[in-house]
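Descriptive structure summary
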Amino acid sequence: LSMLLTRQPWLFVIQENKLRGLVSRVLDMGFVVNSRMLVYAVYTVSCMSHETFMRKLDFIRSSGFSSDECMEMFRKAPGLLRASEEKLKLGIEFFMNTIKLERSVLIRLPSCLMFSMEERVIPRYRVLQIMKSKRLLKKEPSFLHMLNLTEEVFLTKFIAKFSDHTEELLVAYKGHLLDSSSEDETLICV
């Protein structure tokens, strides 16, 4: 409730019947009253119109998921539908086409679609690809496990640990930041 009070304070001052309507809508989607996800679902539903909500569900459905699978994804990660359609499209395409994840994995772990593609997913994938090509790993880690690591743990386990390749791995991981900072310096000098 404190999250709702912080992010959607208007929910605490709207008419009781409107709030009941939002909660009822979420309960009809399969959430249970004692679930921690209920609050996040109410937050998501309250953030957008019914039309926008349905459009995002339809978009996920058009990516090859059934209606039941879409609702299962929403129940596991209610914040998923707060992401833009562009972000969802990029994520679904990357995970299913580039990484070749099975649809069932995205259904089981839809939160991976909520990570920043530019700041986290793609850079960590590049690091993994370099490590595989140089045969730096005795056992290939799960990419989804790599995504869930904190920045500090990821840098320690997958970059700093390989001192002979640290620079190359770091450039693969943070190269987009280096490129933009050199562009900024160029703009400043001009």
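The structure presented is a predicted model; accordingly, all values stated were derived computationally and were not measured.

1. A few points about the side chain of Glu 69
Structurally, Glu 69 is set in helix α5 (residues 67–76). Within polar-contact distance, the side chain of Glu 69 engages the side chain of Arg 103 at 2.8 Å. Dropping the residues within four chain positions of it, Glu 69 is found in contact with Gly 64, Arg 103 and Ile 107.

2. What about the pattern of salt bridges?
In this structure the tally under the stated criterion is ten salt bridges. Across the salt bridge formed by Arg 20 and Glu 16, the nearest N and O atoms sit 2.6 Å from each other. With a gap of four residues between them, Arg 20 and Glu 16 both fall in helix α2 (residues 16–28), about one helical turn apart. On the basis of relative accessibility, which here comes to 56%, the residue Arg 20 falls in the exposed class. Residue class for Glu 16 comes out exposed when judged on its relative accessible area of 53%. Its salt-bridge partner being Lys 76, residue Glu 72 comes within 3.3 Å of it at the nearest N-O pair. On the criterion of helical spacing, the pair formed by Glu 72 and Lys 76 is a turn pair, its members being four residues apart in helix α5. Residue classification places Glu 72 among the partly exposed positions, given a relative accessible area of 31%. Bridged by salt links that share partners, the residues Arg 124, Glu 151 and Lys 174 form one connected network.

3. Thoughts on unusual backbone geometry
A positive phi angle, close to 65°, is found at Lys 100, a residue other than glycine. Relative accessible area serves as the criterion here: at 59%, Lys 100 is assigned to the exposed category. We note that Arg 135 has phi near 55°; this positive angle belongs to a residue other than glycine. Along the chain, Arg 135 turns up in the loop between α8 (117–133) and α9 (143–148). Owing to a relative accessible area of 74%, Arg 135 belongs among the exposed residues under this scheme.

4. Some details on a nonpolar patch on the surface
The grouping of Trp 10, Phe 12 and Val 13 at the surface amounts to a nonpolar patch, some 330 Å² of accessible area in total. Its place among the elements puts Val 13 in the loop between α1 (2–7) and α2. Judged by its relative accessible area of 70%, Val 13 is exposed.

5. Section: the environment of Glu 69
On the basis of relative accessibility, which here comes to 17%, the residue Glu 69 falls in the buried class. Along the primary structure Glu 69 and Arg 103 are separated by 34 residues, whereas in three dimensions their C-alpha atoms are 9.5 Å apart.

6. Observations concerning the packing of aromatic side chains
Going through the model one piece at a time under the given rule, you end up with seven aromatic pairs. With centroids separated by 6.0 Å and ring planes inclined at 85°, the aromatic side chains of Phe 94 and Phe 95 adopt a geometry described as edge-to-face. Of the two residues examined, Phe 94 and Phe 95, each falls in the buried class. Members of the aromatic cluster, each reached through a chain of ring pairs, are Phe 94, Phe 95, Tyr 125 and Phe 143. When the ring centre of Phe 53 is taken as origin, the NZ or CZ atom of Arg 25, which lies over that ring, is 5.6 Å away. Over the ring of Phe 154 we find Arg 124; its NZ or CZ atom is 4.3 Å from the centre of that ring.

Conventions used here
Residues numbered from 1 in each chain as written. Predicted model: local features only at pLDDT ≥ 70, side-chain atom pairs only at ≥ 80, totals over all residues. Heavy atoms only, no water. Helix = DSSP H or I, 4+ residues; strand = E, 2+ residues; numbered from the N terminus. Polar contact = N/O pair within 3.5 Å; in protein donor to acceptor, adjacent residues only side chain to side chain. Contact = heavy atoms within 4.5 Å. Salt bridge = Lys/Arg side-chain N within 4 Å of Asp/Glu carboxyl O. Buried < 20%, exposed > 50% of the residue type's maximum accessible area, 1.4 Å probe, protein only. Patch = residues over 30% accessible without salt bridge, like charges linked within 9 Å, V, L, I, M, F, W, Y side chains within 5 Å. Areas by Shrake-Rupley, 256 points an atom, 1.4 Å probe, with all protein chains shown as cover. Phe/Tyr/Trp six-rings, centres within 6.5 Å; stacked < 30°, edge-to-face > 60°. Lys NZ or Arg CZ within 6 Å of the ring centre and 35° of its normal.

As far as function goes, none of this settles anything; it's purely spatial.
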